[in-house]
Amino acid sequence: MDTEAPHTQRGHSSPVEGDERPRFAFSRAGRTGGGRPLTWRRAGVLGVICTVFLLLFSNFVVQPFLIPSRSMEPTLQVGDRVLVNKLAYRFGEQPRRGDVVVFDGTGSFVRERPDGNPVAAVLHGAASALGLAEPSDTDFVKRVVGVGGDDVVCCDAAGRVAVNGVPLEEPYLHPGDAPSAVPFRIVVPIGTLWVMGDHRSQSRDSRDHLGEPGGGMVPVENVIGRADWIGWPLSRWDGVGGGHG
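How each quantity is defined
Residues numbered from 1 in each chain as written. Predicted model: local features only at pLDDT ≥ 70, side-chain atom pairs only at ≥ 80, totals over all residues. Heavy atoms only, no water. Phe/Tyr/Trp six-rings, centres within 6.5 Å; stacked < 30°, edge-to-face > 60°. Helix = DSSP H or I, 4+ residues; strand = E, 2+ residues; numbered from the N terminus. Buried < 20%, exposed > 50% of the residue type's maximum accessible area, 1.4 Å probe, protein only. Disulfide = S-S within 2.5 Å. Polar contact = N/O pair within 3.5 Å; in protein donor to acceptor, adjacent residues only side chain to side chain. Contact = heavy atoms within 4.5 Å. pLDDT = per-residue confidence, 0-100. Pairing = 2+ DSSP bridges.

## Structural notes on the packing of aromatic side chains
Two numbers describe a pair of aromatic rings. These are the distance of the centres and the angle of the planes.
Then step 1. Counted according to the given criterion, the structure contains 4 aromatic pairs.
Then step 2. Ring centres 5.8 Å apart and planes at 25° place the aromatic pair Phe103 and Phe140 in the stacked group. On the criterion of sequence distance, the pair formed by Phe103 in strand S3 (residues 100-104) and Phe140 in strand S4 (residues 139-147) is long-range, its members being 37 residues apart. As far as burial versus exposure is concerned, Phe103 and Phe140 are alike and both buried.
Then step 3. Where Phe184 meets Trp194, the ring centres are 4.9 Å apart and the plane angle is 35°; that geometry is what we call tilted. Placement of Phe184 in strand S8 (residues 184-187) and of Trp194 in strand S9 (residues 192-196) is noted, with a sequence separation of 10 residues between them. Considered together, Phe184 and Trp194 belong to a single accessibility category, that of buried residues.

If you want it as structure tokens, here you go:
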């Protein structure tokens, strides 16, 4: 008598003959389990959220700034994206000599904001805030040479800029450039800054606006932030740093 019971039921781990499907079936969206598939609509919403976050972050914390000219060479080169620290002066600290700052030049370097298409201005402003477009025509990047109360003179007997009678060491100057081809002597009003580019022969800065309203002085309240790092290109990733105290 055959005592072995007939095999009438296969184990769960045994594939049914002719059935070659895998044991774990994927959903049509290509995901396992009960997760919700990522649709184009969800991807678009996620993209909008990320963009809004980046805009808010650049508006209040750190903003990329595309360098459009040669005025700050060799420290900053055309096409560099510097990361502007907008918190640098938000909690009582003031700009110091040697800081590289980005500022709104309305009323000091330019008389007023140019008129234009408001929609195009908003789109350009958003692209500029993300470092994808050149900054506004009213935004500038320069180095602080004098702060409120300083007596700034160029040039002394050795051809150097002097602040409060002390000659400045300016290792950041473009090779071959003189500290200034234009002689000047000014006392910086309290609450303003005297700023100059590192590439003095290629920079339109406070010197060029001496005879205009404001005298080329930049109100501290117009400073957008301090340029602390070069973020792009990666080969130039570095801190910007200050040149003198």
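Moving on from the model shown.
## Regarding the state of the cysteines
Then step 1. Applying the stated criterion to the full structure yields 1 disulfide.
Then step 2. A sulfur-sulfur separation of 1.9 Å characterises the disulfide bridge that pairs Cys154 with Cys155.
Then step 3. Judged by its relative accessible area of 4%, Cys154 falls in the buried class.

## Some thoughts on the side chain of Asp151
Then step 1. Checked against the element boundaries, Asp151 lands in strand S5 (residues 151-154).
Then step 2. A polar contact of 2.7 Å, which involves the side chain of Asp151, links it to the side chain of Arg185.
Then step 3. Apart from residues lying up to four places away in sequence, Asp151 is in contact with Ala162, Val163, Asn164, Arg185, Ile186 and Val187.

## A few points about the environment of Val101
Then step 1. Looking at the secondary structure, you find Val101 in strand S3.
Then step 2. Of the residues examined, Val101 reaches a relative accessible area of 0% and is grouped as buried.
Then step 3. Ignoring any residue separated from it by four or fewer positions in sequence, one finds Val101 in contact with Tyr89, Phe140, Val141, Lys142, Val144, Val223, Gly225, Arg226 and Ala227.

## Comments concerning the confidence of the model for the chain
Then step 1. Across the chain, pLDDT averages 79, with 69% of residues at or above 70.
Then step 2. Looking across the chain, the model is least confident in helix H2 (residues 118-129), with a mean pLDDT of 54, and most confident in S9, with 98.

## Comments concerning the sheet that holds strand S7 (residues 166-167)
Then step 1. Taken together, the 4 strands give an open sheet; going across it, the order is S7-S6-S5-S8, and neighbouring strands pair in antiparallel fashion. The open sheet has two free edges, formed respectively by S7 and S8, since each of these has just one partner strand.
Then step 2. Two strands pair when backbone bridges link them, and S5 and strand S6 (residues 161-163) are joined in this way by 3 bridges, in the antiparallel orientation. Across the sheet, Cys154 pairs through a bridge with Val161, a residue of S6.

## A closer look at the side chain of Asp150
Then step 1. You can see Asp150 is positioned in the loop between S4 and S5.
Then step 2. Within the structure, Asp150 has its side chain in polar contact with the side chain of Arg97 (distance 2.7 Å).
Then step 3. Of note is the side chain of Asp150, whose polar atom sits 3.0 Å from the side chain of Asn164.

## Quick look at unusual backbone geometry
Then step 1. Residue Pro74 is bonded to the preceding Glu73 through a cis peptide linkage, with omega at 0°.
Then step 2. Despite not being glycine, Asn164 shows a phi value in the positive range, around 55°.
Then step 3. With respect to the element layout, Asn164 can be found in the loop between S6 and S7.

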